[in-house]
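In case you want the letters, here they are:
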There are 2 protein chains.
Amino acid sequence: MNVHFLGFGEAAYELAKGLKEEGVTSIRAYDVMIDHETFGQTIKERAEQTGVSLVKSIKELIKEVNVLFVAVPASKAVEVNEAVCAEIQNESFLYVDVSASSPAIKQQVQQNLEQKHIKFVDAAMLGPLPVYQHKVPIAASGTGTNEFIAKMSPLHMSIKAVGSKAGDASAIKLVRSIFMKGLVGLYLETLEAAEAYHISDEVISSLEETMNRQPFVDTLNRLVTGSAVHAERRAFELNSSIAMLQEAGINSDLSHASKERLVELAGIVKNHPEKESFANWKEVLELYSI
Amino acid sequence: MNVHFLGFGEAAYELAKGLKEEGVTSIRAYDVMIDHETFGQTIKERAEQTGVSLVKSIKELIKEVNVLFVAVPASKAVEVNEAVCAEIQNESFLYVDVSASSPAIKQQVQQNLEQKHIKFVDAAMLGPLPVYQHKVPIAASGTGTNEFIAKMSPLHMSIKAVGSKAGDASAIKLVRSIFMKGLVGLYLETLEAAEAYHISDEVISSLEETMNRQPFVDTLNRLVTGSAVHAERRAFELNSSIAMLQEAGINSDLSHASKERLVELAGIVKNHPEKESFANWKEVLELYSI
């Protein structure tokens, strides 16, 4: 099987390394940065290390390819797709876009490819590549999903079909990203304040006790349902934290945004006086759409 | 021992209930809302239920008191303190402010009280009162801390001296609050997006796997050090999530603030090219102050 990579950055390199170990012998790659002063060197070294043949054009890359991984930055996904479509004559291959693009972009890419009778996979990688390589958990949707799973599962890729259309898989990755990267922002705002007041040990040990007490979903349910009942008070309490951040000259944008979300939640709950308590997060979120 | 409450809202009520069970017989309370149309009724019911005597003025409340808990909204802490100071003749008691006020306000209150030779405790309650009642973990600082611990520990209150000055205890609570309430904001932004794309089950199960894998401090260290190395890329990736939230008409302020924090982190790390990796969150935060 010929597995080719359009874009040979870190993600493609890790996937290629893993697939090579599974015995895939014919791996080619094209990267627009191949002659770049600094990045070009890295690309060439990685290609050599993994036995990947570098080709000079998209035209060359899509010759005899069975599975084409497109691993470019999200901002380039459409542009690159249009460049591929322009080169397609009567080739037949799976177009697997692993970029972190928005659902709307993945849908547009699938539409472009349908006109060329090429099947599309919206593949969202849900873990760190350097840890998992080609075994990274992948959520997949789009017209080529079943074929993608059939072809790559024997090579120990871990692909799960999700949703019904292109973009559904990416939505999972991007929503997941809201939480994981938001959490980093939250850590930073919390730690910066804790360090400014020389109380990091006390704050972390207090948070540790609370956060380790229950598994993720239990904490999620407890905090969302509790906040729905006490949203107004909690929003008000957060004002004191924001005042403190301002006293210490620390950026409080994240706390401010959280406060606004609590204020909004208080308003939503107030519109539903029939709801006095909530069994789980879903009952709270349902109110948003009523 | 006479334990009195200035402000008899939920917090005071729960503390009083617990202390009553410990055998404290003389509990009095004053609340400015005592004759309020709706809240007054709740105050009276709670007082009756816990055998607390309601008094009509601050003057009356500070007669023969040993420990005065001031449990008013943060916005009222200074105003209430000035009202108490105005009534103090030659009384001697411990003034324990459990409000969620900022460190600067707690310091101001202690200064006011020093002029009246009254010892002050900045008491920060670090858990839910309805669960813990008077046994709630309390961080305490200020001139009256040791006396407070000596008096109340026999009644099974759980008080820990922290920091060296008034405000230190409150700083712990308020920094803790940045995280706990920020987390609620983050849950809401994440869940609202997940619900909009009908992928809540997939998103939650993916987050569950990641978040339950390690204890709190390990995840904190892993995400902060990893983000320090990849801040620029992660900030960029978050743009796709923000674009998706905007496509779905969902407020993206929190994700935006997180992105700005990652952009800032990228800039800070870039100023220290000698640091290529980080052993823990502290090494990352140290760069903020250099």
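Residues numbered from 1 in each chain as written. Chains lettered and ligands numbered in written order. Predicted model: local features only at pLDDT ≥ 70, side-chain atom pairs only at ≥ 80, totals over all residues. Heavy atoms only, no water.

Counting secondary structure elements, chain A contains 13 helices and eight strands. In terms of overall dimensions, chain A has a C-alpha envelope of 65 × 45 × 30 Å along the principal axes. Split into buried and exposed, the 290 residues of chain A put 56% on the buried side. A fraction of 65% describes how many contacts in chain A between residues 6 or more apart in sequence connect residues 24 or more apart. A total accessible area of about 12,200 Å² is found for chain A, and carbon and sulfur atoms account for 49% of it. One way to put it: in chain A the 28 positive side-chain charges average out to a point 6 Å from where the 38 negative ones average out. (Helix = DSSP H or I, 4+ residues; strand = E, 2+ residues; numbered from the N terminus. Buried < 20%, exposed > 50% of the residue type's maximum accessible area, 1.4 Å probe, protein only. Contact = heavy atoms within 4.5 Å. Areas by Shrake-Rupley, 256 points an atom, 1.4 Å probe, with all protein chains shown as cover. Lys, Arg positive; Asp, Glu negative; His and termini not counted. Charge placed at Lys NZ, Arg CZ, Asp CG, Glu CD.)

Before going further, it helps to spend a moment on the interface of chain B and chain A. Where interface size is quoted, it is often the accessible area lost as the parts come together. The interface is formed by 83 residues belonging to chain B together with 82 residues belonging to chain A. Roughly 7,900 Å² is buried in total at the junction of chain B and chain A, and carbon and sulfur atoms are behind 73% of that figure. Across the chain B-chain A interface, the total number found is ten salt bridges. Counting across the interface, chain B meets chain A through 24 residue pairs in polar contact (both at pLDDT 80 or more). Of all the elements in the fold, those that place two or more residues in the side of chain B that touches chain A are helix H5 (103-114), helix H8 (168-196), helix H9 (200-212), helix H10 (216-247), helix H11 (253-270) and helix H12 (281-289) of chain B. Ranked by residues supplied to the side of chain B that touches chain A, first place goes to H8 of chain B with 25 residues. Grouping the constituent residues of the side of chain B that touches chain A by class yields 47 nonpolar, 18 polar and 18 charged. (Buried area = accessible area lost by both parts, 1.4 Å probe. Salt bridge = Lys/Arg side-chain N within 4 Å of Asp/Glu carboxyl O. Polar contact = N/O pair within 3.5 Å; in protein donor to acceptor, adjacent residues only side chain to side chain. Nonpolar A, V, L, I, M, F, W, Y, C, P; charged D, E, K, R; others polar.)

An α-helical turn contains 3.6 residues, so a residue and the one three or four places further along point in the same direction. For H12 of chain B, the complete set of buried residues consists of Trp 281, Val 284, Leu 285, Leu 287 and Tyr 288 of chain B. Taken end-on, H12 of chain B shows its buried residues confined to a sector of 145 degrees, consistent with a single buried face. In this fold, the buried residues of H12 of chain B make contact with helix H8 (168-196) and helix H9 (200-211) of chain A together with H10 and H11 of chain B. (Arc of directions from axis to C-beta.)

The two chain copies are connected by a rotation around an axis plus a translation along it. When chain B is brought onto chain A, the operation consists of a screw motion whose angular component is 180 degrees and whose axial shift is 0.0 Å, with 0.1 Å RMSD remaining. Each copy turns onto its partner about a two-fold axis. Every residue of chain B has its C-alpha some distance from the rotation axis, and the shortest such distance is that of Leu 254 of chain B, at 2.8 Å. When the interface residues of chain B are mapped onto chain A, 99% of them are again interface residues, pointing to one common binding face. (Least-squares fit on C-alpha atoms with pLDDT ≥ 70 in both.)

Residues and elements named next belong to chain A. One pass over the structure, following the stated rule, counts 32 salt bridges over all chains. Between Glu 14 and Lys 17 there is a salt bridge; the shortest N-O distance is 3.6 Å. You can see Glu 14 and its partner Lys 17 sitting in helix H1 (residues 10-21), three residues apart, about one turn around the helix. Judged by relative accessible area, Glu 14 falls into the buried class, the value being 7%.

Before going further, it helps to examine the environment of Lys 63 of chain A. Residues and elements named next belong to chain A. Take Lys 63: it is sitting in the loop between helix H3 (58-61) and strand S4 (67-70). Taking relative accessible area as the criterion, Lys 63 reaches 46% and is therefore assigned partly exposed. Not counting residues up to four positions away in its chain, the partners in contact with Lys 63 are His 4 and Arg 28.

Along the chain, the position of Ser 102 of chain B falls in the loop between strand S5 (94-97) and H5. Classification of Ser 102 of chain B by relative accessible area gives buried; the value is 3%. Residue contacts for Ser 102 of chain B: discarding those within four places in its chain leaves Ser 240 and Glu 247 of chain A together with Leu 174 of chain B.

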